[in-house]
Amino acid sequence: MKKRLALGMGGLAAFAMVASGCAGGSTSTESSAAAASAPAASAAASAPAEAPVCGGSIAVMAPLTGGAASIGQEQLNFAKLAVDDFNAANSSTYALVESDTQLDAGQASTQSTSIVSDSAIIGVVGPAGSQEVSAVGPAFSEAGLGFVSASATNPDLTNGDNPTFFRVVPTDAVQGPTDAEFIAGTIGAKKVVVIEEKTDYGTGIAKSVADALTAAGVANEVIAVPEDKKSYDDVVSKVGDDVDVVFVTFQVAAKSEQVAQSLVKSGKKAVVFGSDGSFSGDFKTGGSYVSAFAPDIKGIPAAADVAQRFSDAYGEFGTFGPPVYVATQSILQAAQRACAAGASDRAGVLAELKNTNIAGSILGGDIAFDAMGDVNGAKFYIFKLDESGAPQLVQ
Amino acid sequence: MEYFGEQLVNGVVMGGVYALIALGYTLIYGVLQFLNLAHGELYMMGAFFGFFTMTALGGPSASAVPVAVMIGIMFIVAMGGGALLGVAVERFAYRPLRNSSRLAPLISALGVSLFLQNAALLLFGARVRLYDTGQFIDLRSGISIGRIRIDPTEMMVVIGALLLMAGLWLMVNRTRLGRAMRAVAVDQDAAVMNGIDVDRTVVWTFAIASGLAGAAGVMSGLLLYPVDQYMGVFAGLKGFSAAVLGGIGSIPGAMLGGFLLGITEALVTGYLNPTYADFIAFLILILVLLIRPRGILGRPAIAKV
């Protein structure tokens, strides 16, 4: 009996160790290619005529566990794919270092300390959230470490306080007016309710949209909700029968679907319009709208191969993953250029990041940064969900 | 007035889910004076069991069996799976610590909670799953009284919660197993001397409480749609709060606490601001406990002198 109990406890403990391995807050290393923590560059001494084999570590800061783990895992997997593709194409040995931020500024700050102290890390993909970028910005600036976010959209992040920060997505200052113009003009809404999720992302986009709606003469009311809210029936009850559009600012598309279904069952005429955080197969109520910082990449010829291979390897994806592929590419290309120039340290990579120019990216255009670190010429696209829930590009 | 009624219905429905979770907490605490802090994770696993059963039966839009049968099977699998998981947790994580200090099983429960969250992440992935109830239940049907609409899933949650509470009350007060549970709750040594198998009684307690958590998980999925590995954290906290508010150890108290918590949240959301809902709900909880430390329907502990 005792032996069986011991075996059972042992099995449970072993499984717990395996399971908890994916939940840790500390930095763990995962090699996507052959080498794990290769030096920045090493030329084969015996073959001076050959090109140097470039490599180095790139940290990925994402919410790998916690409430936004679905976003973080998608981002991590796109980063893995980018590194694998790049190493295969360039015979390089770049590797990823995973850093779990749990979409929490405090956790991101803690993680930034260990990233800065790891001299093998020459660039950072992420963090995902604007509040996290604010938290890690000072440490990365001091360390001269370039970091590229694929989803932090608060306009204030590129005001000069974070000189080593770049992003591959347009800001809320672009999204808000684009969405508001469409709601006022194309949909012809007279009254709008904005559901503001109380996060840096939700607050920023809600303010941007509400301001633009007011400027366009559309009556609007902002209802703030906590991030951990589970049911939205009580919020939908506050939506009047004369409201035409409910604009939602969630980062998890399933919540937008909850609101849309709640409107359907309450018999209200309002349609849901989701910000880019809602661009996912989980948001599928026909007649709804959603904006995104790229057209559906499955429809972009340059992205079709990447989208297919990602789906084959990791399953379906939403809007948060593909920009990570591009963010990772920008660091890898900068590192490769720095390596070729013989300056493959953090300073070299940072200097080359400013010269980023990815022609025909999977996001549907060229990627280059302006002097403040924002991506040049980025715009938002708007989709209407058809009866099957599939997004159809309408602007 | 209709708006008030609408928010009242919203509160009662969410309260039903809280109440079902609270029943599990209160049953285990009532028998063992032990807080099973992993109860929220059993609720989460129940929601996943229900979701995967639905998928195995063809999914929400193409069920291989009639919808009522599919829902019935989802409940059976979730409750059965939850019960088995609860028994396993009791056997390996709690029983070895039964005679240790009160803190040890509490820490073990926290460990089980984290273990189950991460096991779900590992086994099911990080992607949020949706029940898509609207694809197999006409959410516009049900009862309408003016603006107030009660859809079939809302009716199912409230009626189901009341039936399960009644069944649990009858089981505890009218059956041989219930008598054994009450005896173990009063004095485990005396129960043994009277021929009661304490281990067996405790196993049944965990099985029933965890089965209720599984049922609550499916109800939550049908009502709210999203299912993810962290859904049990906050729901567990709400269920625990409902149990404490109503008087932990009291079955009607758990129901009352759940409904009160749900209604308070809905009314605060409706008339004040959704961001104040938790603040005011927990403020009320604190005030109630200051005035009546054992909760609304809790009985004062009798200490042997």
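Residues numbered from 1 in each chain as written. Chains lettered and ligands numbered in written order. Predicted model: local features only at pLDDT ≥ 70, side-chain atom pairs only at ≥ 80, totals over all residues.

(A) Broad picture of the overall build of chain A. Secondary structure assignment for chain A yields eleven helices and 14 strands. Every one of the 395 residues in chain A was classed for burial, and the buried ones make up 56%. Counted over contacts in chain A with a minimum sequence separation of 6, partners at least 24 positions apart contribute 70%. (Helix = DSSP H or I, 4+ residues; strand = E, 2+ residues; numbered from the N terminus. Buried ≥ 20, exposed ≤ 12 C-beta atoms within 10 Å, placed from the backbone. Contact = placed C-beta atoms within 7 Å.)

(B) Geometry of the packing of helix α1 (residues 2–32) of chain B against helix α5 (residues 152–174) of chain B. Residues and elements named next belong to chain B. Contact pair α1 / α5: the axes reach a minimum separation of 9 Å and the direction vectors enclose 30 degrees. One finds that α1 runs roughly parallel with respect to α5. In the crossing of α1 with α5, the sense of the turn from one axis to the other is left-handed. Of the residues in α5, those in contact with V9, V12, V13, G16, V17, A19, L20, L23 and L27 of α1 are E154, V157, V158, A161, L164, M165 and L168. In terms of residue class, the contact of α1 with α5 is made up of 14 nonpolar, one polar and one charged. (Axes fitted to C-alpha atoms, helices over the stretch in contact; angles between N-to-C directions. Parallel < 35°, antiparallel > 145°, perpendicular 65-115°, else oblique. Left-handed = near helix turned anticlockwise from the far one by under 90°. Nonpolar A, V, L, I, M, F, W, Y, C, P; charged D, E, K, R; others polar.)

(C) The UniProt feature "transmembrane region" (unreviewed entry) in chain B, seen in detail. Per the UniProt record, "transmembrane region" (unreviewed entry) is found at residues 12–35, 42–62, 68–94, 106–126, 155–172, 202–227, 239–263 and 275–291 of chain B. End C-alpha atoms of residues 42–62 of chain B are separated by 28 Å, and the span's content is 71% helix alongside 0% strand. (UniProt positions renumbered as here; feature names shortened; annotations may be inferred.)

(D) Main features of helix α8 (residues 198–224) of chain B. All names here are of chain B. Across its 27 residues, α8 extends 38 Å between first and last C-alpha, which sits within 8% of the 39 Å expected from 1.5 Å per residue. The element α8 is largely enclosed, with a buried count of 21 among its 27 residues. Note on α8: the residue one or two positions beyond its end, Y225, has a positive phi of about 80 degrees. (Expected span 1.5 Å × (residues − 1).)

(E) The arrangement of the sheet that holds strand β8 (residues 191–197) of chain A in detail. Residue and element names in this part refer to chain A. The strand order across the open sheet built from seven strands is β9-β8-β10-β11-β12-β13-β14, with neighbouring strands paired in mixed fashion. The open sheet has two edge strands with one neighbour each: β9 (219–225) and β14 (391–393). This sheet shows a mean twist of 25 degrees between the axes of neighbouring strands, independent of strand direction. As defined by bridge partners, β8 adjoins β9 across seven bridges and the pair is classed as parallel. When the bridges of β9 are listed, V193 appears paired with E221. (Pairing = 2+ DSSP bridges.)

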